[in-house]
Amino acid sequence: MATQRTFPARRHHPASFLHHCPDTDARQGKHGTHMHQFINGQLLSGTSGNTLDVINPATSEVVETVRLASVTDLDAAVAAARSAFPAWSRTTAGERAGILQKFARIMEERAAEFSRVESSQTGKPLRLTREFDVPGTIDNIDFFAGASRHLEGKATAEYSPQHTSSIRREAIGVVGSIAPWNYPLQMAAWKVLPAIAAGNTIVLKPAEITPLTSLMFAQALTDAGLPDGVVNVVVGDGASVGAALMQHPDVDMVSFTGSTAIGRTVLEAAAVNAKRVHLELGGKAPIVVFDDATLDAAVHGAVAGSLINTGQDCTAATRAIVHRSVYEEFVAKVAERFEGIVLGAPGDTDADLGPLVSFKQRDHVAGMVDRARGYSKVVAGGYAPTDGGLGDGAFYRPTLVVDAAPDSEIVKDEVFGPVLVVLPFNTDDEAIRLANDTVYGLAASAWTNNLQRAMRATREIKAGCVWVNDHIPIISEMPHGGFKQSGFGKDMSAYSFEEYTQVKHVMVELDGVIEKDWHRTIFTLR
Ligand SMILES: NC(=O)c1ccc[n+]([C@@H]2O[C@H](COP(=O)([O-])OP(=O)(O)OC[C@H]3O[C@@H](n4cnc5c(N)ncnc54)[C@H](O)[C@@H]3O)[C@@H](O)[C@H]2O)c1
Ligand SMILES: C[N+](C)(C)CC=O
């Protein structure tokens, strides 16, 4: 199934899931539905009194207007999840798998709709959502349907002569999850699926600017037979509703994907009640190109790996660390390919790349590039295009930066946009040192035809994933997650499933005696 997860060799319709809603008249707002909370199996309106427009960043059109959740809405969602937990956690693995299998088939039927809505709320090319986001999500659902039936533990046995010990792997309870805006559908899937497959219930807060496919996802799960309250989606802002979810006394585990800065606050909040924490944070992935690499393959990998999802990918190639003997050629070839990249709106079939998710994100990217001009050289891109109708969107040209010092902002900090910086190296030791010269450790790649070099890179680069001669592919069976300040815990794979369970040791005394041997050894019971 590797093909459906790899980056594909790229006009907007307003998002709509109105036909899933029970009461059209009550729900309609100027730009569509106002029912953007999914609590206890019902689509509801948020009660905070604040609204937020979901905007297609390719066109600046308003897709939907969301009435944001209040903390009271959040409390209702947590209460629904709490009350659904006893029954859901006692379902058999086979029952949970059956619902997930049905859900996967529903998602297949609605794939075009999911792809369209995902593109409209993020500006992503339909090519990307059709070939990557939606099929990847369906494969994930099928994976976790299977994983739910593979509870693992050590063998039951008499490790003490008087007792039989066995392992139970149990659900944790109510999970509070927070997701970012870069892959809204996939992130919802990565949070929800392992949690419910293991028998937990969940309250998910998607990024408030891209909530639509998370709501559709929850609704489709209900259509597949998921009981009310098992999955709840609350659309509210991070500082109030997000923080309240992480601190909620009735939430047993928190799972957060987003920036390292907010991740730290999540960790602090979880410490108060000693909650289990799962953090998937930022990245600054190196792509290390040795002198024996097939250079054109490395150039392709650098272009696709840095520009996927307009660079808004936590594993995106951001720092090309290139042997000095091939450095000039590498820079020239990447710059040429960057210049050839076509930008466009989701439905533009010629387009390779969409816009940034918002004008705010574009300004952040442009600000970092503008500051970098003061200490480095921008050899491709570095501006927001206005020709060909792109002026209405948050577009930014693929940007290549050279001659930056290893400790400069553009090399050290996460840009989260279509920007690649290239650094030269002379020795293998220097390459590995530069690759590890970051607080992040999410992903990395090494490009070489020398087996020993490849093996050294996979062993010595401190990252949760090291690719050899590729950069970006992910697969449901294998874990995704960081080292260092990229967080801890794994998404996807059996590792993720296990994180949403807790291991219980059950020890049964076998002989039925009142005074046990160990009592006599350490007590004189009188
Ligand atoms: N490691 C991974 O798997 C992974 C995947 C995708 C994105 N990311 C990271 O996410 C970041 C980009 O996403 P972003 O800008 O949405 O990140 P962000 O940290 O600003 O926001 C992420 C989520 O946290 C919420 N939030 C904001 N303030 C909060 C608070 N005080 N308490 C609780 N929740 C709060 C937001 O509403 C949003 O839903 C990048 O750093 C990227 O690397 C990591
Ligand atoms: C989800 N993933 C791994 C595709 C990219 C993270 O931002």
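Residues numbered from 1 in each chain as written. Chains lettered and ligands numbered in written order. Predicted model: local features only at pLDDT ≥ 70, side-chain atom pairs only at ≥ 80, totals over all residues. Heavy atoms only, no water.

*Asks:* Which residues make up the UniProt feature "domain: Aldehyde dehydrogenase" (unreviewed entry) in the protein, and what values do they have?
*Replies:* UniProt records the feature "domain: Aldehyde dehydrogenase" (unreviewed entry) at residues 48–506, using the numbering of this structure. This span, residues 48–506, is 42% helix and 21% strand, and a straight line between its end C-alpha atoms measures 46 Å. (UniProt positions renumbered as here; feature names shortened; annotations may be inferred. Helix = DSSP H or I, 4+ residues; strand = E, 2+ residues; numbered from the N terminus.)

*Asks:* Any chance you could break down the environment of Trp 88 for me, citing the residues and the numbers?
*Replies:* Topologically, Trp 88 is positioned in helix H3 (residues 71–89). Looking at Trp 88, the relative accessible area reads 3%, which means it is buried. Distance in space between the C-alpha atoms of Trp 88 and Ala 171 is 9.6 Å, their sequence separation being 83 residues. Setting aside anything within four residues of it in sequence, one finds Trp 88 in contact with Arg 96, Ile 99, Ile 196, Gly 199, Asn 200, Thr 201, Leu 226, Pro 227 and Val 230. (Buried < 20%, exposed > 50% of the residue type's maximum accessible area, 1.4 Å probe, protein only. Contact = heavy atoms within 4.5 Å.)

*Asks:* Tell me about the UniProt feature "active site" (unreviewed entry) in the protein, residues and numbers included.
*Replies:* Under the local residue numbering, the UniProt record ascribes the feature "active site" (unreviewed entry) to Glu 280. On the secondary structure map, Glu 280 appears in strand S13 (residues 276–280).

*Asks:* Summarise the site of ligand 2; cite the residues concerned and give the values.
*Replies:* Lining the immediate surroundings of ligand 2 are Asn 182, Tyr 183, Met 187, Trp 190, Asp 313, Cys 314, Ile 474 and His 480. Between ligand 2 and the protein, one listed contact pairs an oxygen atom with a side-chain N or O atom of Asn 182 at 2.8 Å. Backbone polar atom of Cys 314 to an oxygen atom of ligand 2: 2.9 Å apart, as the coordinates give it. Burial of ligand 2 by the protein amounts to 97% of the accessible area it has alone, namely 250 Å². Of the pockets mapped on this structure, ligand 2 occupies the largest cavity. Residues that form the shell around ligand 2 fall into these classes: five nonpolar, two polar and one charged. (Near = heavy atom within 4 Å. Polar contact = N/O pair within 3.5 Å; in protein donor to acceptor, adjacent residues only side chain to side chain. Areas by Shrake-Rupley, 256 points an atom, 1.4 Å probe, with all protein chains shown as cover. 1 Å grid on protein atoms, 1.4 Å probe; cavity = no way out; pocket = protein on both sides within 12 Å on 5 of 7 lines; lining within 4 Å. Sits in = over half its atoms within 2 Å of the grid points. Nonpolar A, V, L, I, M, F, W, Y, C, P; charged D, E, K, R; others polar.)

*Asks:* Outline empty space enclosed by the protein, supporting the account with residue identities and numerical values.
*Replies:* Within this model, the largest cavity holds a volume of roughly 120 Å³. Phe 132, Asn 182, Tyr 183, Gln 186, Met 187, Trp 190, Asp 313, Cys 314, Thr 315, Ile 472, Ile 474 and His 480 together form the lining of the largest cavity. If one sorts the elements of the lining of the largest cavity by residue count, helix H7 (residues 184–197) sits on top with three residues. Of the residues contributing to the lining of the largest cavity, the split by class is seven nonpolar, four polar and one charged. Both domains that meet at the lining of the largest cavity, namely domain 1 (11–22 + 34–281 + 492–503) and domain 2 (285–468), each give it at least three residues. (Points joined across faces, edges and corners; volume = space filled by probe spheres on them. Domains from an automatic or database assignment.)

*Asks:* Describe the pairing of S13, and please don't skip the residues or the numbers.
*Replies:* Summarising burial for S13: four of the five residues are buried, a large majority. A crossover connection joins strand S12 (residues 253–257) to the parallel S13 through helix H10 (residues 260–272); in handedness this β-α-β unit is right-handed. Where S13 lies against strand S23 (residues 487–488), two bridges are found, and the strand directions are antiparallel. Residue pairing in the sheet places Leu 279 in a bridge with Phe 488 of S23. (Right-handed = clockwise from strand over helix to strand, strands pointing away. Pairing = 2+ DSSP bridges.)

*Asks:* Go over a nonpolar patch on the surface with me, naming the residues and quoting the values.
*Replies:* There is a patch of nonpolar side chains on the surface, built from Trp 518, Ile 522, Phe 523 and Leu 525 and spanning about 460 Å² of accessible area. Counting through the fold element by element, Ile 522 comes out in helix H18 (residues 517–522). (Patch = residues over 30% accessible without salt bridge, like charges linked within 9 Å, V, L, I, M, F, W, Y side chains within 5 Å. Salt bridge = Lys/Arg side-chain N within 4 Å of Asp/Glu carboxyl O.)

*Asks:* Mind laying out the site of ligand 1, listing which residues take part and the relevant values?
*Replies:* Near ligand 1 you find 27 residues, and of these Ala 179, Glu 208, Ser 259, Leu 281 and Glu 414 are the closest. Contact between ligand 1 and Trp 181: an oxygen atom at 3.0 Å from a side-chain N or O atom of the residue. Measuring from an oxygen atom of ligand 1, one finds a backbone N or O atom of Gly 258 at 3.4 Å. With respect to the detected pockets, ligand 1 is housed in the largest pocket. Of all the secondary structure elements, the ones that give two or more residues to the shell around ligand 1 are helix H9 (238–247) and S12. With three residues, the top contributor of residues to the shell around ligand 1 is H9.

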